[in-house]
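What the coordinates show
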Amino acid sequence: EALLRKMAENEHSENNLPPSPTVTSFSIAIDAWAHAASITVAKGDISGGQVAAKKAQALLDELQHQRFEFCSISASCFGSAIKAWSSLCGKSEDGEYANRAEDVMHQLIEASQSFRGLYVPLD
């Protein structure tokens, strides 16, 4: 995550080192945080799962502000964020995490509608 942020900060530097972030670099970081959320929740660390899910969401939000064309890789970023929030489902009485996962699903549908030719399976 730190490297991804450094890449984004240095995007406009003259030497272009490190290179600018790509959708793939965001995907790797978001998926890593989603995986961390799942593992920590499975071990009973709900707080750690919350932190990891929030970091995955923050990176997804940052990705959406970049000027990348929507593609299957960016769609997988949404899926990873959904996975992060879903790993916490049943861990709150008010359904907060299920609602967050659903919100990301709606964001995915909205983003995919702007790009023709990409099939986003909803099952």
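Residues numbered from 1 in each chain as written. Predicted model: local features only at pLDDT ≥ 70, side-chain atom pairs only at ≥ 80, totals over all residues. Heavy atoms only, no water.

Helix and strand counts for the chain come out as five helices and zero strands. Mapped from its N terminus to its C terminus, the chain presents α and β elements in the order α-α-α-α-α. Among the 123 residues that make up the chain, the fraction classed as buried is 33%. Long-range contacts, defined here as pairs at least 24 residues apart, represent 62% of the contacts in the chain between residues at least 6 apart. When the accessible surface of the chain is summed, it comes to about 7,400 Å², and 53% of that surface belongs to carbon and sulfur atoms. (Helix = DSSP H or I, 4+ residues; strand = E, 2+ residues; numbered from the N terminus. Buried < 20%, exposed > 50% of the residue type's maximum accessible area, 1.4 Å probe, protein only. Contact = heavy atoms within 4.5 Å. Areas by Shrake-Rupley, 256 points an atom, 1.4 Å probe, with all protein chains shown as cover.)

The first and last C-alpha atoms of helix 2 (residues 23-42) sit 28 Å apart over 20 residues, in line with the 28 Å expected at 1.5 Å per residue. Looking one or two residues past helix 2, Gly 44 carries a phi angle of roughly 95 degrees, positive in sign. (Expected span 1.5 Å × (residues − 1).)

Attention now moves to the side chain of Ser 80. Along the polypeptide, Ser 80 turns up in helix 4 (residues 72-86). Those residues in contact with Ser 80 that lie beyond four places of it in its chain are Ile 30, Asp 31 and Ala 34.

This paragraph deals with the side chain of Ser 112. Residue placement: Ser 112 occurs in helix 5 (residues 96-113). A polar side-chain atom of Ser 112 sits 2.9 Å from the main-chain carbonyl oxygen of Ile 109. (Polar contact = N/O pair within 3.5 Å; in protein donor to acceptor, adjacent residues only side chain to side chain.)

For side chains of opposite charge, pairing can occur when their charged atoms come near one another. This model, assessed by the stated rule, comprises one salt bridge. Between Glu 96 and Arg 100 there is a salt bridge; the shortest N-O distance is 3.0 Å. Remark: Arg 100 and Glu 96 occur in helix 5; sequence separation between them is four residues, near one turn of the helix. The exposure class of Arg 100 is partly exposed, given its relative accessible area of 30%. (Salt bridge = Lys/Arg side-chain N within 4 Å of Asp/Glu carboxyl O.)

Before going further, it helps to spend a moment on the nonpolar core. Formed by 26 residues in total, the largest nonpolar core has its most connected members in Ile 30, Leu 60, Trp 85 and Val 104. Of all the secondary-structure elements, those providing two or more residues to this core are helix 2, helix 3 (46-64), helix 4 and helix 5. (Core = buried A, V, L, I, M, F, W, Y, C linked by side-chain atoms within 4.5 Å.)

Here the chain averages 84 in pLDDT, and 77% of its residues register 70 or above. The secondary-structure element of the chain with the lowest mean pLDDT is helix 1 (residues 2-9), recorded at 66, while helix 3 shows the highest, at 95. (pLDDT = per-residue confidence, 0-100.)

Turning our attention to the packing of aromatic side chains. Throughout the structure, instances matching the rule amount to two aromatic pairs. Geometrically, the ring pair formed by Phe 70 and Phe 78 is tilted, given 6.2 Å between the ring centres and 55 degrees between the ring planes. With relative accessibility at 9%, the residue Phe 70 sits in the buried group. Taking 6.1 Å as the distance between ring centres and 10 degrees as the angle between the ring planes, the aromatic pair formed by Trp 85 and Tyr 97 counts as stacked. Residue Trp 85 is located in helix 4, and its partner Tyr 97 is located in helix 5; the two are separated by 12 residues in the primary sequence. The two residues Trp 85 and Tyr 97 agree in class, both being buried. (Phe/Tyr/Trp six-rings, centres within 6.5 Å; stacked < 30°, edge-to-face > 60°.)

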